[in-house]
Amino acid sequence: MIKSLRFFVLWLVTAVLAVTAQAHQQKAAFTDIFVNPRAGMVEVVHSFILHDAEAALFKATGMTGDLYRDPSVQAAFATYAVNQFELTNGAEEAAPLALTLLGFEVADGRLLIYQEAPVPDDLHMFKVQAGALRDVWPDQVNTVNVRRGDTLRTLTFTGSESAKVAVLASTP
């Protein structure tokens, strides 16, 4: 009986810790940038943990609502996120790429936001700014993976860091 009670208490403590860990904000977002030579497009996918995004929703957009189920709230957050993201060809005088917002969806506990733009001529590097949620939480970490052919570059944004550069392979 005592052994069973100990096992139950241990199980209960473990379950509570697991739930608490899941409820804890991760304060991390991920963006994947793919250079797709077949389509001639730069494809961008932003991934935000729903729990984190919903916790920051009011501070980031001034809006409240159900980010899990309400497409208008998802659209407001998507607009905020893409306005906090900038991608240029890397040259000092280059203008930001005109990324088109293709859409967004909720999948696997994340809000995924999709963008694309034509691949710029003479592409050798990307200059990236990834500020979403970093204006809400100083300890927010945004990780950007840039892929072109076999080349993968990872940029990590923390604190008040602004633009970073990812040098790419010369051929797709």
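A. Spotlight on helix α3 (residues 71–83). When the terminal C-alpha atoms of α3 are compared, their 18 Å separation across 13 residues agrees well with the 18 Å that a helix rising 1.5 Å per residue should span. Within α3 the residues assigned to the buried category are Val 73, Gln 74, Phe 77, Ala 78, Tyr 80, Ala 81 and Val 82. Against β2 (41–49), α2 (50–61), β3 (85–88), β4 (100–107) and β5 (110–118) lie the buried residues of α3.

B. The arrangement of α2 in detail. Those residues of α2 that fall on the buried side of the exposure criterion are Leu 50, Asp 52, Ala 53, Ala 56, Leu 57 and Ala 60. Down the axis of α2, the buried set is contained in an arc of 160 degrees. They therefore lie on one face. Along α2, the residues that are exposed and aim more than 90 degrees away from the buried face are Phe 58 and Lys 59. Elements in contact with the buried residues of α2: β1 (28–36), β2, α3, β4 and β5. Of the residues one or two after α2, Gly 62 is the one with positive phi, at around 75 degrees.

C. Structural context of empty space enclosed by the protein. Summed over the entire model, instances satisfying the criterion amount to one cavity of 30 Å³ or more. Within this model, the largest cavity holds a volume of roughly 70 Å³. Elements supplying a minimum of two residues to the lining of the largest cavity: β1 and β2. It is β1 that contributes the most residues to the lining of the largest cavity, three residues altogether. Here the residues of the lining of the largest cavity are counted per class, giving seven nonpolar, five polar and no charged.

D. Layout of the sheet that holds strand β9 (residues 164–167). Sheet architecture is open: three strands sit in the order β3-β6-β9, paired in antiparallel fashion. Of all the strands in the sheet, just β3 and β9 have a single pairing partner and so form its edges. Each neighbouring strand pair of the sheet contributes to a mean axis angle of 20 degrees, computed without reference to strand direction. In this structure, strand β6 (residues 125–130) lies alongside β9, joined through four bridges in antiparallel fashion.

E. How the structure looks around unusual backbone geometry. One non-glycine residue, Asp 108, adopts positive backbone phi at about 50 degrees. Assignment of secondary structure puts Asp 108 in the loop between β4 and β5. At Asp 122, a position not held by glycine, the phi torsion is positive, near 50 degrees. The residue Asp 122 is located in the loop between β5 and β6 in this model. Since its relative accessible area comes to 59%, Asp 122 is described here as exposed.

F. Fine view of the nonpolar core. Membership of the largest hydrophobic core comes to 20 residues, with the highest contact counts inside it found for Phe 48, Phe 77, Tyr 80, Ile 113 and Leu 133. For this core, the elements supplying multiple residues, two or more each, are α2, α3 and β5. With six residues, the top contributor of residues to this core is α3. When sequence neighbours within four positions are dropped, the list of residues in contact with Ile 113 reads Val 44, Val 45, His 46, Phe 48, Phe 77, Ala 78, Ala 81, Val 82, Leu 101, Gly 103 and Phe 104. Residues Leu 87, Leu 99, Ala 117 and Phe 126 belong to the second largest nonpolar core, which totals 19 residues.

Calculation rules
Residues numbered from 1 in each chain as written. Predicted model: local features only at pLDDT ≥ 70, side-chain atom pairs only at ≥ 80, totals over all residues. Heavy atoms only, no water. Helix = DSSP H or I, 4+ residues; strand = E, 2+ residues; numbered from the N terminus. Expected span 1.5 Å × (residues − 1). Buried < 20%, exposed > 50% of the residue type's maximum accessible area, 1.4 Å probe, protein only. Contact = heavy atoms within 4.5 Å. Arc of directions from axis to C-beta. 1 Å grid on protein atoms, 1.4 Å probe; cavity = no way out; pocket = protein on both sides within 12 Å on 5 of 7 lines; lining within 4 Å. Points joined across faces, edges and corners; volume = space filled by probe spheres on them. Nonpolar A, V, L, I, M, F, W, Y, C, P; charged D, E, K, R; others polar. Pairing = 2+ DSSP bridges. Axes fitted to C-alpha atoms, helices over the stretch in contact; angles between N-to-C directions. Core = buried A, V, L, I, M, F, W, Y, C linked by side-chain atoms within 4.5 Å.

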